[in-house]
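Close look at the chain arrangement
Here is what each chain is made of, one letter per residue.
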Amino acid sequence: MTGEPPPLAEARGITKRYGPTVALRDAGIAVRAGASHGLVGRNGAGKSTLVAILTGLERPDAGTVAYDGEPAPAPADRAAWDRRVACVHQRSMVVGELTVAENLFLGRRPVTSRGLPVSWRRLRREARALLDTWGVAVPENAVARVLSVEEAKMVEIARALSRGTRFVILDEPTAQLDGRAAARLFGHMRRLQDAGVTFLYISHRLGEIYEVCRTVTVLRDARRIVTAPVGELPTRALIGAMTGEPAEPYRAPAPAAPPRPGGEGPVAVRVDRLSGPYFHDVSLTLAAGEVVGLAGLAGSGSHQLGAALAGLHRPTGGRIEILGRPLRTGSVPAALAAGVGCLPRDRHTEGLVPQLSVAENITLPVSGRLGPCGLIRPSARDALARRAIDELEITAEGPAQPVTALSGGNQQKVAMARALATDPRVLVLIDPTAGVDVRSRRALLAVALRARAEGRAVLLVSDQPEDLRACDRVLVMAGGFVTAAYQAGWAERELIAAIEGVPLGHG
Ligand SMILES: Nc1ncnc2c1ncn2[C@@H]1O[C@H](COP(=O)(O)OP(=O)(O)OP(=O)(O)O)[C@@H](O)[C@H]1O
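Residues numbered from 1 in each chain as written. Predicted model: local features only at pLDDT ≥ 70, side-chain atom pairs only at ≥ 80, totals over all residues.

Before going further, it helps to spend a moment on the overall build of the protein chain. Regarding its fold elements, the protein chain presents 17 helices and 20 strands. The C-alpha atoms of the protein chain give 24 Å as radius of gyration, which agrees with the globular expectation for 507 residues (23 Å, within 12%). Across the 507 residues that make up the protein chain, the buried fraction comes to 48%. When contacts within the protein chain are restricted to residue pairs at least 6 apart in sequence, long-range pairs at least 24 apart make up 66% of them. (Helix = DSSP H or I, 4+ residues; strand = E, 2+ residues; numbered from the N terminus. Rg over C-alpha atoms; globule rule 2.2 N^0.38 Å. Buried ≥ 20, exposed ≤ 12 C-beta atoms within 10 Å, placed from the backbone. Contact = placed C-beta atoms within 7 Å.)

Here's what the structure looks like:
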């Protein structure tokens, strides 16, 4: 006996197959209490599958799961699983129509000693006490819809803790958070760690792993490659373990755009005094053969402005011209017909059709063009899909695989391929690298640069400096207005200060 307690959570010798795909092969992880643990790997490496097995949502074909050295609960005993582990997914599981208090006790309204459901007043009181215990500063009677993404995550964490677990898996929690909200989330996490909560933290933003975790496990091609203290695995070695390539000096993900004055080509997009609930009086132009970055915090209006160009959001005033013609706003078909392709922010609701295959999703906007009389020729569809799978390095069995069987990052790439399928003259990319691994980020940004070389105009909405480096110029939005503009070659410190709305001091 070494005297060391068994791991808080442990998966050993896990193999999991989905048809011909081996998602995990003799893989495992051991998470020790009190030491937050990172889980990283390229898109499709097997991270979500391991989480599904650790949370009892999937059963492994081989291998075992244990909590505190005891075998995991029976698959059907959800309450027992909930006492051991919770996962906060990228997509919010908070019900927007219900109040925070109702969300906290979702599906298990407490009962009185006489077995009757407690009154709403008492429910709200218990919710307040619960939120206070975990330091979550949101009103218990607020309708969840009005919460920020980060507040909703904290409500989910408080809900998990109230069920008894002290082990929370966070699956890419910052994918939809701007820098400021992410910093607040990390602050909350630190407080919770001090109070005895252990996190398993999944992220493609490797800097966060070093900031939040003490230990990290790397998965590659369904196997565990290494588990080590983060201090022993500097970024180069970490990426080397993820990719299986020698830990060569790491190049910036985006091929740097040669600095040049933006907008030498003819005007492709003209936005004139555009206003709406999220942005005010915005005017800008995009030239053919130009990549323009649009940066801003959540609430700056940058996402909605991008969405307005693609017809996903209807402005209330002003006008948009595409290739010299006025655009009928608020209509996706009108934007598509005008030559605008879009990678939307939320691929789940605006991007992909879950019931369809990879090829059907990619070719949906052009299905009428892929055969005679509007009939789709499968060979033409598959050829187009195969090219996209190749160019964007999509990990899929082939064009016929259902899109839902792909890992999150690979679904994002399918959404990108779909944006390109119409051969658009104007490409709007909203957070294109969300959920995408470090190497795939390069492939996606290379698409933007290729589009530029082909004379397309690209609007790249992002607050990630690595993405914005690929742009000829960057516009910054704050509070619904365009507040700053930078040519390529900007200093990161200055750009971030502009995005955050913090003036840089001199000296
Ligand atoms: N329900 C499913 N049916 C078929 N294949 C699946 C299913 N779920 C996952 N897979 C496959 O298993 C492999 C591992 O996927 P997983 O989602 O675990 O990867 P990941 O590391 O979480 O990736 P990402 O970073 O993109 O989210 C992938 O090849 C994926 O296509």
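Across five bridges, strand β11 (residues 267-275) lies against strand β12 (residues 282-287) in antiparallel orientation. For L274, the partnering residue across the bridge sits in β12 and is V282. Two successive antiparallel strands, β11 and β12, enclose a turn made up of six residues, where D281 displays a positive phi of approximately 55°. (Pairing = 2+ DSSP bridges.)

Membership of the largest hydrophobic core comes to 76 residues, with the highest contact counts inside it found for V428 and L460. Here the element with the most residues in this core is helix α14 (residues 408-420); it accounts for six residues. Looking at this core, you find at least three residues from each of domain 3 (257-339 + 424-507) and domain 4 (354-421). Every residue in contact with L460, bar those within four places of it in the chain, is listed here: V291, G293, L294, L429, P432, A448, D467, A470 and C471. Counting residues in hydrophobic clusters, the runner-up holds 69 residues, among them A9, L170, V197 and C213. (Core = buried A, V, L, I, M, F, W, Y, C linked by C-beta atoms within 7 Å. Domains from an automatic or database assignment.)

Another aspect to go through is the environment of V149. Checked against the element boundaries, V149 lands in helix α5 (residues 149-162). Taking the C-beta count within 10 Å as the criterion, V149 has 18 such neighbours and is therefore assigned partly exposed. Separated by 261 residues in sequence, V149 and N410 have C-alpha atoms that sit 23 Å apart. Beyond its immediate sequence surroundings of up to four residues, V149 is in contact with Q176, L177 and A181.

What follows is about the domain arrangement of the protein chain. Here the domain parsing of the protein chain yields domain 1 (9-92 + 166-243), domain 2 (95-146), domain 3 (257-339 + 424-507) and domain 4 (354-421). Computed from C-alpha atoms alone, the centre-to-centre distance between domain 1 and domain 2 is 28 Å.

Right, let's get into the sheet that holds strand β17 (residues 426-430). Strand order in the open sheet formed by six strands is β16-β17-β18-β13-β19-β20, with mixed pairing between adjacent strands. Looking at the sheet topology across the chains shown, the edges are occupied by β16 (340-343) and β20 (481-487). Across the sheet, the mean angle from the axis of one strand to that of its neighbour is 20°, orientation sign disregarded. Pairing analysis gives four bridges linking β16 to β17, with the strands arranged parallel. (Axes fitted to C-alpha atoms, helices over the stretch in contact; angles between N-to-C directions.)

As judged from the five bridges shared by β11 and strand β14 (residues 317-322), these two strands associate in the antiparallel manner. Its bridge partner being in β14, R270 is matched across the sheet by E321.

Inspection of the region around the ligand gives 18 residues, with Y18, N43, S48, S407 and G409 positioned closest. Looking at the shell around the ligand residue by residue, the classes come out as five nonpolar, twelve polar and one charged. Inspection of the shell around the ligand shows a minimum of three residues originating in each of domain 1 (9-92 + 166-243) and domain 4 (354-421). (Near = placed C-beta within 6 Å. Nonpolar A, V, L, I, M, F, W, Y, C, P; charged D, E, K, R; others polar.)

Compared with an ideal rise of 1.5 Å per residue, which puts 14 residues at 20 Å, α5 spans 20 Å between its outermost C-alpha atoms and is within 8% of the ideal. Summarising burial for α5: 13 of the 14 residues are buried, a large majority. Backbone geometry just downstream of α5 places G164 in the positive-phi region, at approximately 115°. (Expected span 1.5 Å × (residues − 1).)

Note on placement: A295 falls in strand β13 (residues 290-295). In the structure, A295 is positioned 173 residues away from L468 in sequence and 8.0 Å away in space, judged by C-alpha atoms. The contact partners of A295, leaving out residues within four places of it in the chain, are S302, S462, D463, L468, V474, V476 and I499.

Owing to its 3.6 residues per turn, the α-helix aligns residues three or four sequence positions apart on the same side. A rise of 1.5 Å per residue sets the reference length of α14, with its 13 residues, at 18 Å; its end C-alpha atoms lie 19 Å apart and thus fit the reference within 8%. Of all 13 residues in α14, 13 are buried; the element is thus mostly enclosed.

What follows covers the sheet that holds strand β6 (residues 86-88). On the basis of which strands lie adjacent, the open sheet formed by six strands has the order β6-β7-β8-β3-β9-β10 and mixed pairing. Across the chains shown, the open sheet's two edge strands, defined by having one partner strand only, are β6 and β10 (223-229). Each neighbouring strand pair of the sheet contributes to a mean axis angle of 20°, computed without reference to strand direction. Sheet analysis places strand β3 (residues 37-40) next to strand β9 (residues 215-220), joined by four bridges and oriented parallel. Its bridge partner being in β9, V40 is matched across the sheet by V218. Of the strands in this sheet, β3, β6, β7 (167-171), β8 (198-202) and β9 are in contact with helix α1 (residues 47-54), which crosses β7 at around 155°.

Quick look at the environment of S148 now. Mapping S148 onto the fold places it in the loop between α4 (120-133) and α5. For S148, a count of 16 C-beta atoms within 10 Å gives the class partly exposed. Measuring from C-alpha to C-alpha, the distance between S148 and G299 comes to 9.9 Å, with 151 residues separating the pair along the chain.

Let us now look at unusual backbone geometry. Unusually for a residue other than glycine, D26 sits at a positive phi of about 50°. You can see D26 is positioned in strand β2 (residues 21-31). Judged by local crowding, D26 falls into the partly exposed class, with 14 C-beta atoms found within 10 Å.

Time to look at the packing of α5 against helix α6 (residues 179-194). For the pair α5 and α6, interaxial distance at closest approach is 10 Å and the crossing angle is 20°. With respect to α6, the axis of α5 lies roughly parallel. Read as a crossing pair, α5 and α6 show a hand that is right-handed. The residues of α6 that touch α5, namely those facing V149, E150, K153 and M154, are A181, R184, L185 and H188. Of the residues in the contact of α5 with α6, the class split is four nonpolar, one polar and three charged. (Parallel < 35°, antiparallel > 145°, perpendicular 65-115°, else oblique. Left-handed = near helix turned anticlockwise from the far one by under 90°.)

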